[in-house]
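Chain by chain, the residues run as shown.
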Amino acid sequence: MLSRPDVAVVGAGPVGLAIAWRCAQRGLRVVVHDPAPGTGASHVAAGMLAPVAEAYFGERELTGLLTASAARWPAFAAELTAATGVDVGYRTEGTLMVGLTADDLAEARRLWAYQQGIGLPVTPLRPSALRDREPALAPRVRGGALAATDHQVDPRRLVPALRAAAERAGATLVPAVVRALSDVDARVTVVAAGCGAAALTGLPVRPVKGQVVRLRAPGGGAPGFRHVIRGYADGEPVYLVPRADGEVVVGATVEERADTDVSAGAVLRLLRAAVDLLPELAEYDLVETAAGLRPGTPDNAPILGPLPGRPGVLAATGHHRHGIVLTPVTADLIADLVVTGTADPLLAPFTPARFAPPEPAEPAPDAAALPGPAAVSGPAAAPGPAALPGPAVSVGRAPSGGPGVVAGPVVPAVESRSGAGPAVPEEEHTWN
């Protein structure tokens, strides 16, 4: 009879497979559950590694995590290729951020100023400097900036490579649907199921639809541009991602919907904006239209770490539009947590605890039962604070957990076959 796995990973997208790979490398017995690996959001994703271009107002902690993960990508890609022989399409030409009109450029500059203000490498460029880098850009483009550290990878190559690496390290893939965590028998369960994590865990993960278009350069050659191009064209945001094999990914819509239908209107808007920025794309072949569902959260940040009150269940979900860039750091942090039982400080702002309901308030003591000062003769005393009407109490979302906040006890460490970490208790857990 096979021994009970140390780790069960639910979900075989990039995040789940990378966690399985890292755990198997540490000598753990790993099983991955997914009926169709790599067919979720990653199959539609463009693969931009964009901690700079994706840095938005009010998301500084998330930007820090994106930056930390992007810095791991060169070594991660090299290690993955060495382990599997698969070229994952990692490219380092950088990203050009552009504005077509004066209004587009003004909107873009507002964001670039914020990004520069928090220390991110953004280099403004005049139109002539932009076209020196990419002569195919439209003459109408009013200006732009270079994010030299924003790179790209091909998710459709990445997922098969991660699967091969995980299996070669000893992980086992089980092609089955997990409908409840009680169906999974392992010492630690990692839920990396994207939008499916909501039904399994109760976490606030919702589907955010994104539609993309794939083009191909005519004649089988490489596209006529090298950089990833992100920009605004008459108010329409768009990105263009060139692949060495001639493919160009054009995206993407952001829709609060749960269907994966492709609409003519979305395709029209994306192609119009793409051709406005790069006119030669009008001559490219249209080879695919697709829609996928990003796993979004209320604060746009991932959910990483143990569920409140369930230390044997770890979440690794809610990556929204950042799943590819966050793959290396998520895998490292979750695997380290499984092995050592200690959460890295990088996890603190992203634990499931930030969505836990607030603790009920202690009931106020009965004013009539409190001893008060002795009665005095004379005019009636003014009413005390207890007698004054106060503002109504509003119930809102629980505050986010700050640094050091971890949901419940840290996950029990799993003993690896290489001897790292203390042993996990053998008790059975009951999971919903």
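Residues numbered from 1 in each chain as written. Predicted model: local features only at pLDDT ≥ 70, side-chain atom pairs only at ≥ 80, totals over all residues. Heavy atoms only, no water.

*Asks:* Please explain the sheet that holds strand β12 (residues 236-242) as it appears in this structure.
*Replies:* Strand pairing in a sheet takes place through backbone hydrogen bonds and is either antiparallel or parallel in direction. Strands sit in the order β5-β6-β4-β11-β12-β13-β10-β14 across an open sheet of eight strands; the sheet is mixed. Two strands lie at the open edges of the sheet, namely β5 (123-125) and β14 (285-296), each paired on one side alone. Averaged over all pairs of adjacent strands, the angle between strand axes in this sheet comes to 20°, irrespective of strand direction. Relative to β12, strand β11 (residues 228-233) is paired through five bridges, and the arrangement is antiparallel. The partner of Ala233 across the bridge, within β12, is Glu236. Its contacts with the sheet place helix α4 (residues 102-117) against β4 (95-99), β5, β6 (143-147) and β11, and it is angled at close to 135° to β4. (Pairing = 2+ DSSP bridges. Helix = DSSP H or I, 4+ residues; strand = E, 2+ residues; numbered from the N terminus. Axes fitted to C-alpha atoms, helices over the stretch in contact; angles between N-to-C directions. Contact = heavy atoms within 4.5 Å.)

*Asks:* What am I meant to see in helix α8 (residues 264-277) here?
*Replies:* Think of an α-helix as 3.6 residues a turn; residues three or four steps apart then line up on the same face. In this model α8 runs 20 Å from its N-terminal to its C-terminal C-alpha over 14 residues, within 8% of the 20 Å that 1.5 Å per residue would give. Residues of α8 that are buried make contact with β4, β10 (206-216), β11, β12, β13 (247-251) and β14. (Expected span 1.5 Å × (residues − 1).)

*Asks:* Is there a simple way to think about empty space enclosed by the protein in this case?
*Replies:* Any empty space left between the atoms is revealed when a probe the size of a water molecule rolls over them. By the definition in use, this model includes two cavities of 30 Å³ or more. Of the volumes computed, that of the largest cavity is approximately 40 Å³. Taken together, Leu17, Val32, Arg163, Ala166, Glu167, Ala171, Thr172 and Leu173 form the lining of the largest cavity. Sorting elements by how many residues they give to the lining of the largest cavity places helix α6 (residues 155-168) first, with three residues. A per-class count over the lining of the largest cavity returns five nonpolar, one polar and two charged. If you add up the space inside the second largest cavity, you get close to 30 Å³. Every residue lining the second largest cavity is listed: Arg91, Thr92, Glu93, Gly94, His151, Gln152, Arg226, His227 and Val228. Taken together, the residues of the lining of the second largest cavity break down into one nonpolar, five polar and three charged. (1 Å grid on protein atoms, 1.4 Å probe; cavity = no way out; pocket = protein on both sides within 12 Å on 5 of 7 lines; lining within 4 Å. Points joined across faces, edges and corners; volume = space filled by probe spheres on them. Nonpolar A, V, L, I, M, F, W, Y, C, P; charged D, E, K, R; others polar.)

*Asks:* What exactly am I supposed to notice about the confidence of the model for the protein here?
*Replies:* Where the model shows low pLDDT, its predicted coordinates should not be examined in detail. Confidence in the prediction of the protein, expressed as mean pLDDT, is 86, and 82% of residues score 70 or more. This model gives residues 367-410 a pLDDT under 50, and the stretch forms 35 contacts once residues within four places in sequence are excluded. Confidence drops under a pLDDT of 50 for residues 418-432, and excluding neighbours within four residues, the segment shows 38 contacts in the predicted structure. (pLDDT = per-residue confidence, 0-100.)

*Asks:* Would you mind showing me how to read the environment of Pro298 here?
*Replies:* Mapping Pro298 onto the fold places it in the loop between β14 and β15 (303-307). The exposure class assigned to Pro298 is partly exposed, which follows from its relative accessible area of 45%. Sequence separation between Pro298 and Pro204 is 94 residues; the distance between their C-alpha atoms is 7.1 Å. (Buried < 20%, exposed > 50% of the residue type's maximum accessible area, 1.4 Å probe, protein only.)

*Asks:* Whenever I open this one, the pairing of β11 confuses me. Can you help?
*Replies:* Regular strands place their side chains on alternate faces of the sheet. With five of six residues buried, β11 is to be regarded as a mostly interior element. As defined by bridge partners, β4 adjoins β11 across five bridges and the pair is classed as parallel. Bridge pairing links Leu96 to Ile229 in β11.

*Asks:* For this particular structure, what's the right way to read the pattern of salt bridges?
*Replies:* When the charged atoms of two side chains with opposite charge come close together, those side chains can pair. Evaluated as defined, the whole model comprises 25 salt bridges. Note that Arg29 and Asp6 form a salt bridge whose closest N and O atoms lie 3.0 Å from each other. Taken as a pair, Arg29 in the loop between α1 (14-25) and β2 (30-33) and Asp6 in the segment before β1 (7-10) lie far apart in primary sequence, 23 residues in all. Relative accessible area serves as the criterion here: at 24%, Arg29 is assigned to the partly exposed category. (Salt bridge = Lys/Arg side-chain N within 4 Å of Asp/Glu carboxyl O.)

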